[in-house]
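The residues making up each chain are set out below.
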Amino acid sequence: MYAPVQLLSASRQNLWRLTLIRMLVLSAQAGSVGIAYLSDLLPLPWLPLSIVLGISLCLCLFTALRLRGPWPVTELEYATQLACDLVVHSLLLYFSGGSTNPFVSYYLVPLTIAAATLPWFYSMVLSGLALSGYTALLIWYHPLHLNNVQHEAMLISLHLFGMWMNFALSAAFITFFVVKMAGALRSQDELQALRREEGMRDQQLLAVATQAAGAAHELGTPLATMSVLIKELRQEYRDKPALQDDLALLQEQVKLCKETLQQLVRAAEADRRQAVFEQTAVQWLETTLNRWHLMRPEATYRFQPLGRGAVPRLAPPADLTQALLNLLNNAADACPDKLDIRLDWDHLWIVLSIRDHGAGVPLAIAEQIGKPFFTTKGKGFGLGLFLSQASVTRAGGSVKLYNHEDGGTLTELRLPRLAPGDEHE
């Protein structure tokens, strides 16, 4: 089972981190107030301070309970949470020396978090709130008075220690938590970009599929006409053996085209009914290679299964078989002689490699390969590799092309193995 998308959002994760920061700061603040009360160094308004600390604790508990619900965390809510932190911090400073308190520079921590995680408008509003609070604390605050003049040196030491502690905490929070928050936002942006790319690819696939369906419907009639005419020509020119051989070859090619169209119809029907059959990887590859060799009789190849142990099983859909045919055709177009085809596997993946001895992948256009309607062969429509990548990605695998160190191109097709509980002998 998968968690709902909103539970994994960057804003929700960042609000959890903000709550953790708030709890750590609250612990430090409560500890400081407790030490000052027990040591009887400063006559502070203990009741107002305790009320403010209680409000901060209630805010932490409320946020934790709110995050257990399914509601998404908006940017406005996140900014409001930071504003509450600024207000609570200002109230605590008001009752403990105002701008003379060594923890006054903690204002920078919520502002840094806002700058790293929120749009500029919210950051500007929070900056204005923090600046207003700091300015007010220069004028209005509860001053600190010593109970004993002899404790002045100790107070100075505590003030310096408080400045160091504030800097250490602020540096730790900014270095760790803010980096984590910004990283969560970057990850969410990358995921959104990936989903947009997948959406665009699906739109392109839909457009190609629509055109292919129309073309398949329209090709049926001319192929039938060509088949009839070839039969008549073979009967009419029986006394010309050379022409008979050409007509026989042409008849075989027309028959192959008709079978391909019929295969498209059967594949679409099987996909609609989810009719896929489990078989070993070697059986699937050998069957596909035999079918491909009928289409490309001029190609020569060597097939080697290299994996150890039991041969993995898979249930390849029709479009995955077509993707493999496209990859084999690309390799044969580069160089049809001595293709090296290897099948390997481990406990997670099935890896098929196809190595040709052609010119390799030009580095200048390597990033364009695999995009729709881009081809380096000077013929075709540039859709083979694009459709192959789409089919393999849908099956949970990947297709990568490399320049082999000894020349030519190495095409690597990776597919996930069936889980042990999903394999049936």
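Sequence order sets the numbering: in each chain, residues are counted from 1 along the sequence as written. Residue-level local features of this predicted model are given only where pLDDT is at least 70; pairs of side-chain atoms are given and counted only at 80 or more, and the full residue set underlies all totals for whole chains, interfaces and linings. Excluded from the side-chain calculation are hydrogens and water; included are all heavy atoms of the structure.

Visitor: Please clarify how the sheet that holds strand β4 (residues 339-345) should be interpreted in this entry.
Guide: In a beta sheet, neighbouring strands pair by backbone hydrogen bonds and run either parallel or antiparallel. Spatially, β2-β4-β5-β7-β6 is the arrangement adopted by the five strands of the open sheet, whose pairing is mixed. One side of each edge strand has no neighbouring strand; the edge strands of this open sheet are β2 (301-305) and β6 (398-403). Pairs of neighbouring strands in the sheet enclose a mean axial angle of 15°, with direction left out of account. Strand direction decides the pairing type here: β2 and β4, joined by five bridges, are parallel. Paired with Gln304 across the bridge in β4 is Arg342. Together, β2, β4, β5 (349-355) and β7 (409-416) form the strand contacts of helix α8 (residues 281-295), whose direction differs from that of β2 by roughly 175°. Sheet strands touched by helix α9 (residues 318-334): β4, β5, β6 and β7. Its angle to β5, the strand with the most contacts, is close to 25°. The pairing criterion for strands is at least two bridges between them, as found by DSSP. Starting at the N terminus, helices and strands are each numbered in turn, a helix being any DSSP run of H or I of at least four residues and a strand any DSSP run of E of at least two. Lines fitted to C-alpha atoms define the axes, with helix axes restricted to the stretch in contact, and inter-axis angles between N-to-C directions lie between 0 and 180 degrees. Residues count as neighbours in contact if any of their non-hydrogen atoms are within 4.5 Å of one another.

Visitor: Looking at this structure, how should I read a nonpolar patch on the surface?
Guide: Put simply, a patch holds well-exposed residues, over 30% relative accessible area, that have no salt bridge, with like charges counted together within 9 Å and Val, Leu, Ile, Met, Phe, Trp or Tyr side chains within 5 Å. Calculation of accessible area relied on Shrake-Rupley with a 1.4 Å probe; when residues are assessed, cover is drawn exclusively from the protein chains displayed. Criterion for a salt bridge: a side-chain nitrogen of Lys or Arg within 4 Å of a carboxyl oxygen of Asp or Glu. A contiguous nonpolar patch, built from Tyr94, Tyr134, Leu138, Ile139 and Trp140 and spanning about 550 Å² of accessible area, is present on the exposed surface. Take the nonpolar patch: its biggest share by element is three residues, from helix α5 (residues 120-139). Of note, Trp140 is situated in the loop between α5 and α6 (152-236).

Visitor: Looking at this model, I keep getting lost on the pairing of β4. Mind explaining?
Guide: Here is the key point about a regular strand: its side chains alternate between the two faces of the sheet. Classification of residues uses two cut-offs on accessible area relative to the type maximum, computed with a 1.4 Å probe and protein chains only: under 20% is buried, over 50% is exposed, and between them is partly exposed. Burial runs high along β4: five of the seven residues are buried. In this sheet, β5 lies alongside β4 in antiparallel orientation, the contact comprising six bridges. Residue pairing across strands places Asp340 opposite Arg355, the latter belonging to β5. Where β4 folds back on β5, the antiparallel hairpin that results is connected by three residues.

Visitor: Just to check I follow, could you spell out the pattern of salt bridges for this structure?
Guide: Once their charged atoms are close, side chains differing in charge can pair, the charge on each being opposite to the other. This model, assessed by the stated rule, comprises seven salt bridges. Of the charged contacts in the structure, one is a salt bridge between Arg22 and Asp85, with a shortest N-O distance of 2.6 Å. Here Arg22, found in helix α1 (residues 10-39), pairs with Asp85, found in helix α3 (residues 75-94); they are 63 residues apart in sequence, far enough to count as distant. Judged by its relative accessible area of 5%, Arg22 is buried. Residue classification places Asp85 among the buried residues on the basis of a relative accessible area of 16%. Between Arg296 and Asp333 there is a salt bridge whose closest N-O contact spans 3.0 Å. Here Arg296, found in the loop between α8 and β2, pairs with Asp333, found in helix α9; they are 37 residues apart in sequence, far enough to count as distant. Within this structure, Arg296, Glu298 and Asp333 form a network of salt bridges that share partners.

Visitor: I keep staring at the side chain of Thr288 and nothing clicks. Help me out?
Guide: Position of Thr288 relative to the elements: it lies in helix α8. Residue classification places Thr288 among the buried residues on the basis of a relative accessible area of 2%. In contact with Thr288, other than residues within four places in its own chain, are Thr321, Leu324 and Leu325.

Visitor: Is there a simple way to think about α8 in this case?
Guide: Think of an α-helix as 3.6 residues a turn; residues three or four steps apart then line up on the same face. Here, expected helix span is obtained from the residue count minus one, scaled by 1.5 Å. For α8, with 15 residues, the first-to-last C-alpha span of 21 Å sits near the 21 Å given by 1.5 Å per residue. Within α8 the residues assigned to the buried category are Ala281, Val282, Trp284, Leu285, Thr288, Leu289 and Trp292. Buried positions in α8, seen along its axis, are confined to an arc of 155° and lie on one side of it. Structural note: α8 exposes Thr287 and Leu294 on the side pointing more than 90 degrees away from its buried face. Note that the arc is defined by the directions from the helix axis to the C-beta atoms.

Visitor: What should I look at first to understand the environment of Pro143 in this one?
Guide: Inspection of the secondary structure assignment puts Pro143 in the loop between α5 and α6. Taking the C-alpha atoms as reference, Pro143 lies 9.7 Å from Pro43; in sequence the two are 100 residues apart.

Visitor: What's the story with the packing of α3 against helix α4 (residues 108-117) in this structure? I'm lost.
Guide: Each packed pair of helices is defined by two parameters, the angle between the axes and the distance between the axes. For the pair α3 and α4, the least separation of the axes is 10 Å and the interaxial angle reads 170°. Compared by their axis directions, α3 and α4 come out roughly antiparallel. As α3 packs across α4, the resulting crossing turns out to be left-handed. Note on element contacts: α4 touches α3 through Pro110, Ile113, Ala114 and Thr117, opposite Tyr78, Leu82 and Leu86. For this classification, the nonpolar set comprises Ala, Val, Leu, Ile, Met, Phe, Trp, Tyr, Cys and Pro, the charged set comprises Asp, Glu, Lys and Arg, and every other residue, Gly included, is treated as polar. Here the contact of α3 with α4 is built from residues that sort into six nonpolar, one polar and no charged. Under this scheme an angle from 65 to 115 degrees is roughly perpendicular, one under 35 degrees roughly parallel, and one over 145 degrees roughly antiparallel; angles in between are oblique. Working rule for handedness: look at the near helix, and if it is turned counterclockwise from the far one by less than a right angle, call the crossing left-handed; if clockwise, right-handed.

Visitor: Quick question: what am I supposed to make of the confidence of the model for the protein chain here?
Guide: Detailed conclusions should not be drawn from predicted coordinates in areas where pLDDT is low. Residue-level confidence of the predictor is what pLDDT reports, using numbers from 0 through 100. The predicted model of the protein chain averages 76 in pLDDT, with 76% of residues at 70 or higher. Mean pLDDT across the elements of the protein chain bottoms out in α6 (69) and peaks in β4 (92). The low-confidence segment residues 378-382 (pLDDT under 50) makes nine contacts with residues lying over four places distant or belonging to another chain.

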